Amino acid sequence: LEAAENGEFREGIDLGGSLNESDALSYRLNVSNMKSDKSEPDFDGKREVYVAPALAWKGDSTKLTIGAEYSDARSAAPRSTIALDGKIVDLPSVRLFRTNDGFKSDSKTGYYELSQDLVGSWSFNSKATYYEGTDNIHIWQLNELNRDGSVLFASPYAGRLVKKSWGTQNDIRGTVETGFIKHKILVGVDYQHVKATQDDRYVEGEMGEFPDVNVYNPDSIDSLPVFGGPNYRSNDQRLQQRGVILQKQMDVGERVHILLAAKKAKWITDSTAYDVDGSVFNSSHIEAEKWVPNYGISFDVTPQATIYANLLHGFEGSSDVDPNTGEALSPQTSKSKEVGVKLNLLDDSLTLTAAYFELEQNNVPVTDPFTSEVLGVQSNQSKGYDLNLSGEILPGWEVSTSYTRIKYSSPGAAEGTNSLFV
């Protein structure tokens, strides 16, 4: 049981154990329910229900887990303020929405994980997941303000995003030794299929000027008119990914460990965008295919000290649509570099890790923080370092502390991303 301010109360239970005498069949059940009478900043409460059952069976050479998850939640519109002349304004409230504006979501997930021993150290592994989710948004947007805080232009937004997806990954993995080198090999394939639909709302005359609504008088925001839900389909999209996975981890002697991995991924995207009258605004078909390599190496200087470095690449299709052109966005790409050291102290009871990293990302969608609508894409760059210390310093006394410093830049910022809200 958990209680917090604003009348928030959460009940939860976590059960698990064997279902037969041999312990071959077991279960786990997680259930939680949260509800609050009011929640800052909208004072209209929030709720969340979560249920996750799972069954597991373990034989002499087989392991199988089947599970499901269900969630249903409602949350408030976010804390917000405005910026004028490059400065954050001190408003009497952090609420720029009606008290009943907010977000609702529900999702259902089913999955399995299977591991089957084959010959020697070799095994077959398979997992799959099916997902259905719906996100609903219902908010008034104060798009333009006069300097006295009155609303020059506001528009209602009602959106519904429905997403269904399923994916599977299957591989064979095992160990081969050649002299003083041990090879841990994995060969696999994966597949992902995502179908998404977006519904929006447009009613002529609902948006406009509201001079009686003023951000310096939060109660006046509740006088904005009540409006309905989505009334037209804005886009459909289907996303597929097919991949071949190759991975080898080599232990060279006792100290050197090398990871070589590559994935050949193909992303296929089909999208159709519609006008408010139901006519097709645009349709697009994108196919992108490439090899994605990843490398890593570590060296045990001593049994208590390890230095490491890795170079990782990313390649991922997007299920978002450019609202200006109606075309699907190109796949995202990334490149990550990291070097670090890991030290085990006080007879391995304390661990210190230090790392320097750099990350480059391209074709990253920039979305409206409230409606989640895509505003454009941009490139991101970040670099920095982090320090982590954790473990037991004295019998019964544990410590966990970390420090991270990151410098961000966006050399290719998206157009049209200037926002009134912060």
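Residues numbered from 1 in each chain as written. Predicted model: local features only at pLDDT ≥ 70, side-chain atom pairs only at ≥ 80, totals over all residues. Heavy atoms only, no water.

Caption draft 1: Structural context of the overall build of the protein. Along the protein, the regular secondary structure elements total 0 helices and 20 strands. Over its C-alpha atoms, taken along the principal directions, the protein stretches across nearly 80 × 55 × 50 Å. For the protein, the proportion of its 422 residues judged to be buried stands at 33%. Contacts in the protein between residues at least 24 apart in sequence constitute 62% of all its contacts with a sequence separation of at least 6. Entry remark: accessible area of the protein is about 24200 Å², with carbon and sulfur atoms responsible for 52%. One way to put it: in the protein the 40 positive side-chain charges average out to a point 5 Å from where the 60 negative ones average out. (Helix = DSSP H or I, 4+ residues; strand = E, 2+ residues; numbered from the N terminus. Buried < 20%, exposed > 50% of the residue type's maximum accessible area, 1.4 Å probe, protein only. Contact = heavy atoms within 4.5 Å. Areas by Shrake-Rupley, 256 points an atom, 1.4 Å probe, with all protein chains shown as cover. Lys, Arg positive; Asp, Glu negative; His and termini not counted. Charge placed at Lys NZ, Arg CZ, Asp CG, Glu CD.)

Caption draft 2: Structural view of the nonpolar core. Grouped together as the largest cluster of nonpolar side chains are 22 residues, with contacts concentrated most on Leu-96, Ile-139, Leu-142, Phe-210 and Leu-224. Of all elements in the fold, only strand E9 (123-145), strand E10 (150-178) and strand E12 (208-214) reach the threshold of two or more residues within this core. Dropping the residues within four chain positions of it, Phe-210 is found in contact with Trp-140, Val-151, Ala-154, Leu-224 and Pro-225. (Core = buried A, V, L, I, M, F, W, Y, C linked by side-chain atoms within 4.5 Å.)

Caption draft 3: Structural detail: the environment of Gln-361. Mapped onto the secondary structure, Gln-361 falls in strand E18 (residues 350-367). Taking relative accessible area as the criterion, Gln-361 reaches 27% and is therefore assigned partly exposed. Once the C-alpha coordinates of Gln-361 and Ser-379 are considered, the two residues, 18 residues apart in sequence, prove to be 5.5 Å apart. The residues contacting Gln-361, other than those within four sequence positions of it, are Thr-333, Ser-334, Gln-378, Ser-379 and Asn-380.

Caption draft 4: Region of the structure containing the pairing of strand E8 (residues 102-117). In this sheet, E8 lies alongside strand E5 (residues 62-76) in antiparallel orientation, the contact comprising 15 bridges. Looking across to E8, one finds that Thr-62 is bridged to Gln-116. Examined bridge by bridge, E8 and E9 share 16 bridges and lie antiparallel to one another. What sits directly across from Ser-105, in E9, is Asp-135. (Pairing = 2+ DSSP bridges.)

Caption draft 5: Summary view of the pattern of salt bridges. Under the defined criterion, the tally for this structure stands at 16 salt bridges. Put simply, Asp-85 and Arg-147 hold a salt bridge, and the shortest N to O gap is 2.6 Å. Remark: Arg-147 occurs in the loop between E9 and E10 and Asp-85 occurs in the loop between strand E6 (83-84) and strand E7 (87-88); sequence separation between them is 62 residues. Asp-85 sits in the exposed class, given a relative accessible area of 64%. (Salt bridge = Lys/Arg side-chain N within 4 Å of Asp/Glu carboxyl O.)

Caption draft 6: Structural context of a nonpolar patch on the surface. Residues Val-187, Val-189, Val-244, Leu-246 and Trp-291 make up a contiguous nonpolar surface patch of roughly 420 Å² in combined accessible area. Positionally, Trp-291 belongs in strand E15 (residues 280-302). (Patch = residues over 30% accessible without salt bridge, like charges linked within 9 Å, V, L, I, M, F, W, Y side chains within 5 Å.)

Caption draft 7: Structural view of the confidence of the model for the protein. Residues of the protein with pLDDT of at least 70 account for 96%, and the chain-wide mean is 90. pLDDT under 50 marks residues 415-422. Its contacts with residues more than four places away, or in other chains, come to 19 contacts. (pLDDT = per-residue confidence, 0-100.)

Caption draft 8: How the structure looks around unusual backbone geometry. Here the phi dihedral of Asp-348 falls at roughly 65°; this positive angle occurs in a residue that is not glycine. Tracing the chain through its elements places Asp-348 in the loop between strand E17 (332-345) and E18. Not every positive phi belongs to a glycine, and Asn-363 is a case in point at roughly 60°. Structurally, the position occupied by Asn-363 is in strand E18.

Caption draft 9: Structural context of the side chain of Asp-300. Inspection of the secondary structure puts Asp-300 in strand E15. Buried and without a salt bridge, Asp-300 has Arg-255 as its closest oppositely charged side chain, separated by 7.0 Å. Discounting residues that sit within four places of it in the chain, Asp-300 has contacts with Glu-254, Arg-255, His-257, Ala-305 and Thr-306.

Caption draft 10: Structural context of the packing of aromatic side chains. Evaluated as defined, the whole model comprises 4 aromatic pairs. Ring geometry for Trp-140 versus Phe-227: centroids 5.8 Å apart, planes at 85°, classification edge-to-face. In this pair, Trp-140 sits in strand E9 while Phe-227 sits in the loop between E12 and strand E13 (232-252), placing the two residues 87 residues apart along the sequence. By relative accessible area, which is 1% here, Trp-140 ends up buried. Judged by centre distance (5.2 Å) and plane angle (50°), the ring pair of Trp-166 and Tyr-191 falls under tilted. In this pair, Trp-166 is assigned in strand E10 and Tyr-191 in strand E11 (residues 181-200), connecting sequence segments 25 residues apart. (Phe/Tyr/Trp six-rings, centres within 6.5 Å; stacked < 30°, edge-to-face > 60°.)

Caption draft 11: Structural view of the environment of Pro-369. Counting through the fold element by element, Pro-369 comes out in the loop between E18 and strand E19 (374-394). With a relative accessible area of 56%, Pro-369 lands in the exposed category. Through-space distance from the C-alpha of Pro-369 to that of Pro-78 is 8.9 Å; in sequence the pair is 291 residues apart.

Caption draft 12: Broad picture of the pairing of E5. Pairing of strand E4 (residues 46-58) with E5 involves 10 bridges; the strand directions are antiparallel. When the bridges of E5 are listed, Val-49 appears paired with Asp-72.

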